[in-house]
Amino acid sequence: MSRVFESSYKLLFGFSAKKLSIASLVITVVISYLRGSLIYFGELAFATGTLYFFRTPFLSLKKIIYISSITVGFVAAFETVLLRPPFTFFLAIPVVTSLILATIDPKSKSWIIPFILSSLIYYKISMEAMITSLLLAIGIPILRFAFSKISYGIDPFNLFSAFLFSVFGEGEQFEEELKKIGEEKEVDIHLFKLHGEKSRAVAVVSNVHPGPFKGVSGAKLIDFINSEVGKKGYKLLFMHGVGSHENDPASSEDVKKIAEIIGSKLEDGGSLWRSANPCIPGQGIKGDVMVTSLPLDPGPNIHIVSKVKSSMDDIPSSFARMIKENDILVDAQNRFDGDVQWSEEDLKDLISLIDNIKKEKCEDYYIGIGNVSMGDADKTRSEFGQLGISSLVISCSNKKTALLIFDSNNIKVGIRERLVEKLKEKGYDTVEIISTDNHRETGVGRGFGYRVAGERVPFEVIEKKALQAISMAESDMEKKRVEYLKLRVKAKFLGEKGFKLLTSIAMKRSYFASAIFAYIIIAMFLTTLV
């Protein structure tokens, strides 16, 4: 399984636009000086002015200058290398500006304006070139029609526009696209209510995926749930269960509905209240799979699944169907290191580890909960969400277990290993560090589209905060009552068909890029024939 979103994002935004635009601007100035022409500055004004007139929240003046500089620099270099006079390939500029306008606002006809303006410029120069400029406008609807055909009827211009809006906090457009291809289904959520004299908390293991990216539906899931449980006086420990983007809610309304259901269930008493007396937590490794078992109740056991060598991301839903009903899988999401790989061998090792973990009943079972904010360390909240770093400490039969939960989308390699070593030095027998898989800021980081925990926040800061969370949990240690509830929430989700559809479209990105590049090149050379 490859990281389709991350690789697509890297292809689109992985380079530094600022550096590229500066280099392009330098090239334009140098060529203008050597050729003794100011035409390229006029072309810069044409592109910048046209885009600025139709600017949007994400098409700021800075980005407009980047686009204009790169486009004109490319044209100037092309004309110089091919020994063509300035203005020869001018038509590439209205083509690029039209493509940008068609992308940021597909429902508008603003994309035709650059062609009209360029035809007016050509009016005094060449009637044939003027007509050619107008005819090239047909290329935009032709491209959209062709792209829709190879994208199973979905317009990639609409999708990309909706994605851009979501990055800037306006996710309604993308949610509308998700609603069109989504499906009604039921997804499991597991609740462990922890009640004590010192504190009370709810551990949520959610098979609802907190994605797809910033501003859109499930990316708000953890914040919404935190708000609902906070109203009832509970602290939240959030863990992602199984599944991937097929379990993304289709809309914010669905997310709100799910969060409200969880909040309402915290008030239910039911018949499952009991004093916690589970088994001793255990940990095992086989092949590339590591399992940490945290029994919180005589009912289902929580099995946190990590990878030893490969990247850890999203346990396939098919794996969960092979696990016994009284076992709950948690996606550790704690190793960001290349492509995600899940094999049949991994499934066999996972089943074997779960079946063979010792189930020894423990005595004097104590639980402690802690939480520290990362707001002061990560002021932009690009790596950590509202929950910061949460901790769960368990002591039973003189054995100590520590679980740290980073409210983030994965963890930089090395951080988990160093924290595990540090906590074992402090006397903990079993230690695991995981992330919530929070997609709250996914879509804003340069490179792969998001920043994992520890990418910019220094390890020393994370270590200090993590140890504070552990210390808080140790102070909170007491015999807490535990209640387990399994919810099956019905809502509209992206679904497996919808996920495969979007994945297929993303994998065709090279076809889209090639067609657009060919369109630009055709526009450049058509003017040399008239």
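Nothing here was measured: the structure is a model prediction, and the numbers come from that model. (Residues numbered from 1 in each chain as written. Predicted model: local features only at pLDDT ≥ 70, side-chain atom pairs only at ≥ 80, totals over all residues. Heavy atoms only, no water.)

**Let's talk about unusual backbone geometry**
Convention followed: Each helix is a run of DSSP H or I of at least 4 residues and each strand a run of E of at least 2, with the numbering of both proceeding from the N terminus. Whether a residue is buried, partly exposed or exposed follows from its accessible area with a 1.4 Å probe, protein chains only, as a fraction of its type maximum: under 20%, in between, or over 50%, in that order.
Note the cis peptide between G211 and P212, where omega equals 20°. Mapped onto the elements of the fold, P212 is located in the loop between β2 (200-206) and α11 (221-231). Even without being glycine, D314 reaches a positive phi, approximately 55°. With respect to the helices and strands, D314 occurs in the loop between β7 (301-307) and α13 (317-320). On the basis of relative accessibility, which here comes to 6%, the residue D314 falls in the buried class. Positive phi, normally seen in glycine, also occurs at N410, with a value near 80°. Accessibility expressed as a relative area gives 0% for N410, which makes it buried.

**Observations concerning the packing of α11 against helix α12 (residues 252-265)**
Keep this limit in mind: Helix axes use the C-alpha atoms of the stretch in contact, all axes being lines fitted to C-alpha atoms, and the angles between their N-to-C directions lie in the range 0 to 180 degrees. A crossing counts as left-handed when the near helix is turned anticlockwise from the far one by less than a right angle, and as right-handed when that turn is clockwise. We call two residues contacting when some pair of their heavy atoms lies within 4.5 Å. Each residue receives one of three labels: charged for Asp, Glu, Lys and Arg, nonpolar for Ala, Val, Leu, Ile, Met, Phe, Trp, Tyr, Cys and Pro, and polar for the others, Gly being one of them.
The geometry of α11 relative to α12 is characterised by a closest axis approach of 8 Å and an angle of 35° between their N-to-C directions. The interaxial crossing formed by α11 with α12 has right-handed handedness. In contact with L221, F224, I225, E228 and V229 of α11, α12 contributes S252, V255, K256, I258, A259, E260, I262 and G263. For the contact of α11 with α12, the per-class residue count stands at 8 nonpolar, 2 polar and 3 charged.

**What about the UniProt feature "transmembrane region" (unreviewed entry) in the chain?**
Operational definition: UniProt positions are given in the numbering used here, feature names are shortened, and annotations may be inferred rather than shown by experiment.
Within this structure's numbering, the places UniProt gives as "transmembrane region" (unreviewed entry) are residues 12-31, 64-81, 87-104, 125-147 and 511-529. The distance from the first to the last C-alpha atom of residues 64-81 is 26 Å, and the span holds 100% helix and 0% strand. With 72% helix and 0% strand, residues 87-104 has its two end C-alpha atoms placed 27 Å apart.

**Observations regarding the nonpolar core**
Rule in force here: The term nonpolar core refers to a set of buried residues drawn from Ala, Val, Leu, Ile, Met, Phe, Trp, Tyr and Cys, joined through side-chain atoms within 4.5 Å. An automatic or database domain assignment supplies the residue ranges for each domain.
Grouped together as the largest cluster of nonpolar side chains are 54 residues, with contacts concentrated most on V95, L99, F115, F174 and Y519. Considering every element that reaches this core, the biggest residue donor is helix α5 (residues 92-104), with 8 residues. Both domains that meet at this core, namely domain 1 (18-151) and domain 2 (171-494), each give it at least three residues. Counting 43 residues, the second largest nonpolar core, distinct from the first, contains M239, V242, V305 and L353.

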